[in-house]
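Chain residues, written in single-letter form:
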Amino acid sequence: MFFIASMHVFNSELWNGVRCGPETAVEHFGVDEAYEISHLKHDLQTKYASTGYSVWYDSHDSVNDKIHSEIYDGLMTSKSDIVSVNSPTEHIQKLRIVKSAGEIELLRKAGEIASKSFQQTMKKTSLDMTEAQMESLFEHSCKMGGAQWLSFPPVVAGGERALSLHYIKNNRSFENGQLVLMDAGCEYYGYASDITRTWPINGRYTPSQCALYEAVLDVQKKIISATRANETLSHLNYMATNLLSEELKALGIISGRAGSHVVGRLFPHSIGHYLGMDVHDTSLIPTNTTLSPNMVITCEPGLYIPLDFPVDQPQKADEYVIIACILHKTGYIVTPKVLYYKGSFL
């Protein structure tokens with residue numbers, strides 16, 4: 001049973017275009033029955049309020065206060081004989097986390113469009129650009145490539161602004177010698193991509209920038225090689241933290257005695273997350289869930305070195321404290337034996 005607003009809302013089609021109503025919903029959406037949303041309370045009371053039943057409803061995360069009120073007024077009354085009220089969200093997410101072949105193709109396309117858009121943005125990067133102009137280049141390329149919209153507000157951050165993981169103001173200019181971090185993606189017919197890359201605004205890495213970039217890239221490759229069915233995101237995160245720790249020690253950024261809390265300051269997020277119809281897809285699925293074929297995850301080791309970080313070897317302080325962030329991530333499809341990369345290292 002499907003409830004939908006009337007097709008004949010005054011002036012709605014004049015201002016907003018053609019709409020679907022209960023008259024066409026059965027054919028358009030493939031549902032069994034369709035009614036006007038204004039009938040919701042009455043129909044629920046008529047059909048269900050006098051019989052024993054279980055309600056499956058996500059009452060804790062309502063997206064429409066009016067409809068939420070209609071459901072509660074219609075069903076959650078003293079006259080109702082409710083057996084139980086349950087949220088279906090976790091059960092639905094358990095079904096969503098393993099992708100079908102069709103879903104994987106859509107995810108591949110979303111990743112391909114975003115990857116090519118990153119390449120186009122990098123090619124057109126110049127020192128006189130602003131963060132806003134760089135964001136515009138990326139969005140233009142995505143939409144020309146077939147994406148309907150961006151999958152989240154992109155991060156385009158120069159220098160120390162990349163230390164803010166969700167910096168989205170994107171309203172500053174760049175300085176010569178800075179790295180630019182872009183965290184962005186697009187949606188292709190409802191499926192998201194999520195990629196981050198870091199590159200020099202002037203086209204050339206300094207030796208210290210290059211060393212740190214290569215260290216993070218090496219960790220990413222090792223985690224990709226270790227990712228397969230029967231692994232978990234939480235264990236991959238543990239592995240990534242240890243690998244990044246060894247790289248930081250080799251570069252003289254932290255001491256050999258440094259604990260995990262020190263590494264946690266420079267790598268403050270997890271190694272990855274599930275990807276699908278949402279960027280952080282199926283968020284109720286724990287990270288200690290065993291990975292199985294056709295799950296899709298990101299792989300995103302990164303290092304964020306703030307200006308006030310006490311570099312272990314003082315003679316190297318001037319080299320590394322200027323590095324705001326190095327980060328890589330994209331989408332990967334879990335297979336029974338190995339993880340296939342769907343995109344290209346830029």
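All of the points below concern the structure found in this document.

**Some words on the sheet that holds strand β5 (residues 149-150)**
Here is step 1 of the chain: Sheet architecture is open: three strands sit in the order β5-β8-β9, paired in antiparallel fashion. Across the chains shown, the open sheet's two edge strands, defined by having one partner strand only, are β5 and β9 (191-192).
Here is step 2 of the chain: Inspection of the sheet shows strand β8 (residues 186-188) paired to β9 by two bridges, in the antiparallel sense. Bridging from a neighbouring strand, Y188 pairs with Y191 of β9.

**Remarks on the nonpolar core**
Here is step 1 of the chain: Residues I253, I254 and L266 are the most contacted members of the largest nonpolar core, which totals 30 residues.
Here is step 2 of the chain: Mapped onto this core, the elements with two or more residues apiece are α8 (207-226), α9 (233-250) and α10 (260-266).
Here is step 3 of the chain: Contact partners of L266, with chain neighbours within four places excluded, come to L248, I253, I254, G302, L303, Y304, I305, P306 and F309.
Here is step 4 of the chain: Core analysis: the second largest hydrophobic core is formed by 20 residues, A114, V156, Y188 and I195 among them.

**Concerning the packing of aromatic side chains**
Here is step 1 of the chain: Scanning the model with the defined rule gives five aromatic pairs in all.
Here is step 2 of the chain: Ring geometry for Y188 and Y189: centres 4.8 Å apart, planes at 90 degrees, overall edge-to-face.
Here is step 3 of the chain: We classify Y188 as buried; its relative accessible area is 18%.
Here is step 4 of the chain: Measuring from centroid to centroid gives 5.1 Å for Y205 and Y213, while their planes differ by 50 degrees, and the two rings are tilted.
Here is step 5 of the chain: You can call Y205 partly exposed: its relative accessible area is 31%.
Here is step 6 of the chain: Looking at Y213, the relative accessible area reads 8%, which means it is buried.

**Here's the deal with the packing of helix α6 (residues 101-123) against helix α7 (residues 131-144)**
Here is step 1 of the chain: One can describe the packing of α6 onto α7 by two numbers: an axis separation of 8 Å at closest approach and a directional angle of 140 degrees. The angle between α6 and α7 places the two elements in the oblique class. The element α6 and its partner α7 pack so that their crossing is right-handed. Across from I113, A114, K116, S117, F118, Q120 and T121 in α6, the residues of α7 making contact are M134, L137, F138, S141 and C142.
Here is step 2 of the chain: Considering only residue class, the contact of α6 with α7 consists of seven nonpolar, four polar and one charged.

**What to know about unusual backbone geometry**
Here is step 1 of the chain: Even without glycine at this site, Y189 takes up a positive phi of about 50 degrees.
Here is step 2 of the chain: Residue placement: Y189 occurs in the loop between β8 and β9.
Here is step 3 of the chain: Residue Y189 is classed as exposed on the basis of its relative accessible area, which comes to 55%.
Here is step 4 of the chain: With a phi close to 80 degrees, N230 is a non-glycine residue in the positive phi region.
Here is step 5 of the chain: Within the secondary structure layout, N230 lies in the loop between α8 and α9.

**A short note on the packing of α8 against α9**
Here is step 1 of the chain: Viewed as axis vectors pointing N to C, α8 and α9 meet at an angle of 150 degrees, and their least axial separation amounts to 10 Å. One way to sum up the angle between α8 and α9 is to call them roughly antiparallel. When the axes of α8 and α9 are compared, the crossing they make is right-handed. Across the interface between the two elements, A215, V216, D218, V219, K222, I223 and A226 from α8 touch L236, M239, A240, L243, L244 and E247 from α9.
Here is step 2 of the chain: Taken together, the residues of the contact of α8 with α9 sort by class into ten nonpolar, no polar and three charged.

**Here we look at the pattern of salt bridges**
Here is step 1 of the chain: According to the stated counting rule, one finds ten salt bridges in the structure shown.
Here is step 2 of the chain: Here E112 and K116 are joined by a salt bridge, their closest N and O atoms 3.3 Å apart. With E112 and K116 both in helix α6 and four residues apart, the pair spans about one turn of that helix.
Here is step 3 of the chain: Under the relative-accessibility criterion, E112 is labelled partly exposed at 35%.
Here is step 4 of the chain: Assessed through its relative accessible area of 48%, K116 is described here as partly exposed.
Here is step 5 of the chain: Where salt bridges share partners, they join R96, K99 and D281 into one cluster.

**Overview of the sheet that holds strand β10 (residues 195-200)**
Here is step 1 of the chain: Read across the sheet, three strands follow the order β6-β7-β10 without closing on themselves; strand pairing throughout is antiparallel. Where the open sheet ends on each side, the last strands, each with one partner, are β6 (155-158) and β10. Direction aside, the axes of adjacent strands within the sheet are offset by 10 degrees on average.
Here is step 2 of the chain: The pairing of strand β7 (residues 179-184) with β10 spans six bridges and is classified as antiparallel. Looking across to β10, one finds that L181 is bridged to T198.
Here is step 3 of the chain: This element, α7, spans β6, β7 and β10 of the sheet and lies at about 145 degrees to β6.

Quick notes on the rules
- Residues numbered from 1 in each chain as written.
- Predicted model: local features only at pLDDT ≥ 70, side-chain atom pairs only at ≥ 80, totals over all residues.
- Heavy atoms only, no water.
- Pairing = 2+ DSSP bridges.
- Helix = DSSP H or I, 4+ residues; strand = E, 2+ residues; numbered from the N terminus.
- Core = buried A, V, L, I, M, F, W, Y, C linked by side-chain atoms within 4.5 Å.
- Buried < 20%, exposed > 50% of the residue type's maximum accessible area, 1.4 Å probe, protein only.
- Contact = heavy atoms within 4.5 Å.
- Phe/Tyr/Trp six-rings, centres within 6.5 Å; stacked < 30°, edge-to-face > 60°.
- Axes fitted to C-alpha atoms, helices over the stretch in contact; angles between N-to-C directions.
- Parallel < 35°, antiparallel > 145°, perpendicular 65-115°, else oblique.
- Left-handed = near helix turned anticlockwise from the far one by under 90°.
- Nonpolar A, V, L, I, M, F, W, Y, C, P; charged D, E, K, R; others polar.
- Salt bridge = Lys/Arg side-chain N within 4 Å of Asp/Glu carboxyl O.

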